[in-house]
Amino acid sequence: MNKYDYIIIGTGAGGSTMAYKLAKTGKRILIIERGDFIPKEVDNWNPRVVYTEGKYRTKEKWLDQDNNEFEPFTHYCVGGNTKMYGAALLRMRESDFKEVQHYGGISPAWPLKYDDFEPYYTKAEKLYNVRGQRGIDPTEPPASSTYPFPPLEHEPRMKEIFDGFKNSGLQPAPLAIGVRLPEDEKVQTSKLVLSNFDGYPDPTESKSDAHVIALNKALKRKNVKLITNLKVEHLITDDTGKKIASIVCSNKKGNRKMYKADTVIVSCGAINSAALLLKSKSDLHPNGLANSSGLVGRNLMIHNNGTVVAISKKPNNSIFQKSLILTDFYHGADDSEYPLGSIQLMGKTDPDTLEDELKDINPDKEFDVKDVAAHSIDFFITAEDLPDRENRVEVTEDGRIKLTYNQNNLEAYQRLRKKLVGLLDQIGCQEGYCKDTAYVGFKLGISGVSHQNGTCRFGTNPKTSVLDINCKTHDIDNLYVIDSSFFCSSSAVNPSLTIIANALRVANHLKSLNKEK
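Peer 1: How would you explain the environment of Asn-272 if you had to name every residue and give the values?
Peer 2: Among the structural elements, Asn-272 can be located in helix α6 (residues 270-279). Put simply, Asn-272 and Leu-444 are 172 residues apart on the chain and 20 Å apart in space, counted from C-alpha to C-alpha. Leave out the neighbours within four places in its chain, and Asn-272 touches Arg-34, Trp-62, Tyr-76, Ile-401 and Gln-452. One polar contact links Asn-272 to Arg-34, side chain to side chain, over a distance of 3.4 Å.

If you want it as structure tokens, here you go:
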């Protein structure tokens, strides 16, 4: 049996960042990833292959609360979901760490506050090459440093949208985004033209994903080892039930392997991390590992996310339009007592999805989808969903993941969508490309789990939380969970930067423990 100082399970935002930070300690580190590297190939940028066929998504079938199968929008690969994310790297707002009243109920306070995370947000932005501009976003929290790089330039049509919002009395801001450009190196070189990026693998490795930014650096050190195509099936405790004694894995052929570590760090994504703990039940932990509170898998949040696609008469020749965020309604509005959420530009909707959305509105009309897409302006809206004990991850008797998820706080989402459509009307998008098709889009449902969080919340009381404030399980002395499982609430911004910042914070804690020894 192989023995390591640290074993990290998962290579997404949390796992890869943790590996990067711990690698310099010289400790023996094993990183286990159930997937493989995504190859650099032509299909990386093929919308039909990526979206319609889902070439890089898991082929697993999960179950909803009625035991209906669905395909989750998640990826098992080196770099995890960051290989496909849009790299919008946003800080949670100060209010997100406090108790907040919403239309759907209460968003609870965190045991730590924004100031506790701020130094690590700054480090995370530097590590992940975040581009942006301070002092424009009206909800931006205090920061101890400027962004490492200036914001992306708006393409002409996006600049018109930006100015249109601004002339309407709002405060649009450049979207904080993690991307490396050749000019950042301050040498003369060919310009990089960003294109398919949001929702696609990036073979140019310009996107600041966890594999490229963090894991690759960790793997340069001889004390760090990565094993791919190896799934962790079970965590086994010692006779006391207070320490992980061994990790049981299987490869694609079904062969079993076992490993040991002084410290085990789980970062499989909030849903799979909870599932792993639940599957690791034993006589000493009959309800699942680290589950004396009964909260493992509960309080699942995935955000009220959706798309709004404006199809205006005026063409949109933008190649890369993901450059704007609008947070004026984050804390409410003149006609909204409670918070609504955030509005971002996103990458272009893939042609097959766009065609389906057009057919939903006008099933009898034939559309030139390519031409329609040349007139579309694509937005992604996020309203907070709230922790609900009954929204949960379970594991069936045959080991399948089952999600119970009833949407809440929907009034905020609907109000936010209405706000955006009204604004777009004001700046000339109401005159649609053709009749009855000014706006299309959809709200993500249970399969849209890219913003999953909250399944192993952290806190100071073992009866009301799974993890302590350093993300160590209350019940198991050498077990940590450092993906978005620890969230107490979901906020209304993308979770990635908070996962990265927290991984840096917990890594510092682990390093301090070693110094004490």
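Peer 1: Pulling in residues and values, what's your account of the pattern of salt bridges?
Peer 2: Taken as a whole and assessed by the stated rule, the structure comprises 24 salt bridges. One salt bridge in this structure joins Glu-160 and Arg-157, with 2.9 Å as the shortest N-O distance. Taken together, the positions of Glu-160 and Arg-157, both in helix α4 (residues 156-167) and 3 residues apart, correspond to about one turn of that helix. The exposure class assigned to Glu-160 is partly exposed, which follows from its relative accessible area of 35%. Judged by its relative accessible area of 10%, Arg-157 is buried. In this structure, the salt-bridge partner of Glu-160 is Lys-314, at a minimum N-O distance of 2.9 Å. Taken together, the residues Glu-160 in helix α4 and Lys-314 in the loop between β14 (304-311) and β15 (324-326) connect sequence positions 154 residues apart.

Peer 1: Pulling in residues and values, what's your account of the packing of aromatic side chains?
Peer 2: A full pass over the atoms with the stated rule returns 18 aromatic pairs. Here Phe-486 and Phe-487 contribute two aromatic rings whose centre-to-centre distance is 5.0 Å and whose plane-to-plane angle is 80°, an arrangement assigned as edge-to-face. Here the aromatic cluster, defined as three or more aromatic residues joined through ring pairs, consists of Phe-97, Trp-110, Tyr-114, Phe-117, Tyr-121, Phe-458, Phe-486 and Phe-487. It is Lys-123 that lies over the ring of Tyr-120; its NZ or CZ is 5.7 Å from the centre. Of note, Arg-134 hangs over the ring of Tyr-147, and the distance from its end group to the ring centre comes to 3.8 Å.

Peer 1: A description of the pairing of strand β17 (residues 376-383) should follow, citing residues and the corresponding values.
Peer 2: With 8 of 8 residues buried, β17 is to be regarded as a mostly interior element. Of the pairings in the sheet, the one linking β14 to β17 comprises 8 bridges and is antiparallel in character. Within β17, the position partnered with Thr-307 by the bridge is Phe-380. Where strand β16 (residues 342-345) meets β17, 4 bridges bridge the pair, whose relative direction is antiparallel. If you follow Gln-344 over to β17, its bridge partner there is Phe-380.

Reading the values: the criteria
Residues numbered from 1 in each chain as written. Predicted model: local features only at pLDDT ≥ 70, side-chain atom pairs only at ≥ 80, totals over all residues. Heavy atoms only, no water. Helix = DSSP H or I, 4+ residues; strand = E, 2+ residues; numbered from the N terminus. Contact = heavy atoms within 4.5 Å. Polar contact = N/O pair within 3.5 Å; in protein donor to acceptor, adjacent residues only side chain to side chain. Salt bridge = Lys/Arg side-chain N within 4 Å of Asp/Glu carboxyl O. Buried < 20%, exposed > 50% of the residue type's maximum accessible area, 1.4 Å probe, protein only. Phe/Tyr/Trp six-rings, centres within 6.5 Å; stacked < 30°, edge-to-face > 60°. Lys NZ or Arg CZ within 6 Å of the ring centre and 35° of its normal. Pairing = 2+ DSSP bridges.

Shape is all these values report; function is a separate question.
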